[in-house]
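In case you want the letters, here they are:
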Amino acid sequence: ERGCYVGVTCFPGFDNKSFNEQKYTGFKKSGFSFDEVTCCVRDAADLLFQEHAKSVSSSADECKTTFTLMTHDWGAVVGHIFINRAIEEQSFTQHKPDRLVF
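Moving on, we get to helix 2 (residues 34-55). Counted at 1.5 Å a residue, the expected span for helix 2 with its 22 residues is 32 Å, and the 32 Å between its end C-alpha atoms agrees. Along helix 2, the residues that are buried comprise Val37, Thr38, Cys39, Val41, Arg42, Ala45, Asp46 and His52. Contacts made by the buried residues of helix 2 are with strand 1 (68-70) and helix 4 (75-88).

Shown next, in the form of structure tokens:
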């Protein structure tokens with residue numbers, strides 16, 4: 001039986017405290033573009049795969065890894081952008097999702 005690695009993300013600035021508690025500290029005053037958030041998802045996926053690689057005992061196990069990107073709400077927009085860029089731009093990411101779930 002194989003384990004499962006799960007990464008949970010949110011839009012930048014919403015990860016430490018609730019929106020009301022933050023009182024806009026830690027936010028870029030101009031906000032974050034969809035491109036910036038998409039790059040954050042890419043970087044988070046890269047880190048998750050790096051952590052997974054530390055636990056893989058053989059290259060055969062690594063080949064069995066399935067990458068599912070699950071999104072909801074405004075994250076669905078980011079998910080679409082991520083998938084499209086992963087397909088269209090070879091240099092965007094080395095980890096292309098096998099499945100996308102909304």
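Note on placement: threonine 38 falls in helix 2. A relative accessible area of 0% means that threonine 38 is categorised as buried. Measuring from C-alpha to C-alpha, the distance between threonine 38 and isoleucine 83 comes to 9.6 Å, with 45 residues separating the pair along the chain. In contact with threonine 38, other than residues within four places in its own chain, are Val78, Ile81, Phe82 and Phe92. Within polar-contact distance, the side chain of threonine 38 engages the backbone oxygen of phenylalanine 34 at 2.7 Å.

Another point: the packing of helix 2 against helix 4. Running from N to C, helix 2 and helix 4 point in directions that differ by 70°, and their axes come no closer than 9 Å. Looking at the two axes, helix 2 sits roughly perpendicular to helix 4. Once helix 2 is placed against helix 4, the crossing between them reads as right-handed. Of the residues in helix 4, those touching helix 2 at Phe34, Asp35, Val37, Thr38, Cys39, Val41 and Arg42 are Val77, Val78, Ile81, Phe82 and Arg85. Among the residues making up the contact of helix 2 with helix 4, the classes are represented as eight nonpolar, one polar and three charged.

Definitions and cut-offs
Residues numbered from 1 in each chain as written. Predicted model: local features only at pLDDT ≥ 70, side-chain atom pairs only at ≥ 80, totals over all residues. Heavy atoms only, no water. Helix = DSSP H or I, 4+ residues; strand = E, 2+ residues; numbered from the N terminus. Expected span 1.5 Å × (residues − 1). Buried < 20%, exposed > 50% of the residue type's maximum accessible area, 1.4 Å probe, protein only. Contact = heavy atoms within 4.5 Å. Polar contact = N/O pair within 3.5 Å; in protein donor to acceptor, adjacent residues only side chain to side chain. Axes fitted to C-alpha atoms, helices over the stretch in contact; angles between N-to-C directions. Parallel < 35°, antiparallel > 145°, perpendicular 65-115°, else oblique. Left-handed = near helix turned anticlockwise from the far one by under 90°. Nonpolar A, V, L, I, M, F, W, Y, C, P; charged D, E, K, R; others polar.

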